[in-house]
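Chain and residue survey
Below are the chains, spelled out letter by letter.
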Amino acid sequence: MALNIKPLADRVLVEPAEAEEKTASGIIIPDTAKEKPQRGKIVAVGNGKKDEPLTVQAGDQVLYGKYAGTEITVEGKEYLIMREADIFAIV
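Okay, so let's go over this structure. (Residues numbered from 1 in each chain as written. Predicted model: local features only at pLDDT ≥ 70, side-chain atom pairs only at ≥ 80, totals over all residues. Heavy atoms only, no water.)

This next bit is on the side chain of D60. Note on placement: D60 falls in the loop between strand 2 (39–45) and strand 3 (61–64). Put simply, D60 is tucked away with no salt bridge, and the nearest opposite charge, on K41, sits 10 Å away. From its side chain, D60 meets the backbone nitrogen of Q57 in a polar contact 3.0 Å long. Once residues within four sequence positions are removed from consideration, D60 is found in contact with G40, K41, I42 and I90. (Helix = DSSP H or I, 4+ residues; strand = E, 2+ residues; numbered from the N terminus. Buried < 20%, exposed > 50% of the residue type's maximum accessible area, 1.4 Å probe, protein only. Lys, Arg positive; Asp, Glu negative; His and termini not counted. Salt bridge = Lys/Arg side-chain N within 4 Å of Asp/Glu carboxyl O. Polar contact = N/O pair within 3.5 Å; in protein donor to acceptor, adjacent residues only side chain to side chain. Contact = heavy atoms within 4.5 Å.)

Both strand 1 (residues 11–16) and strand 2 contribute to a ladder of five bridges, which runs antiparallel. Across the sheet, P16 pairs through a bridge with G40, a residue of strand 2. Summarising the sheet, strand 2 and strand 3 pair through three bridges and their orientation is antiparallel. Each residue of the ladder has a partner; that of K41, found in strand 3, is Q61. (Pairing = 2+ DSSP bridges.)

Shown next as structure tokens:
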């Protein structure tokens, strides 16, 4: 199912990864102690700025800042919309 959202300029739409359910040692993390994920998959990208084309594309796995972007809900699913500058790396 395709989304009908097209980010503008240098913005991207990111689907955050699921929060960790367990630690590496097997301890289950309760919902209240889970941290926001800092990793996600790019779902849609804007056209970029006039002199600065985007370096990321749809389908890329990226790392971004802990408090980056704005949370939006589309068709019951959570997404983040952020500027490309908020992305630290492509994984």
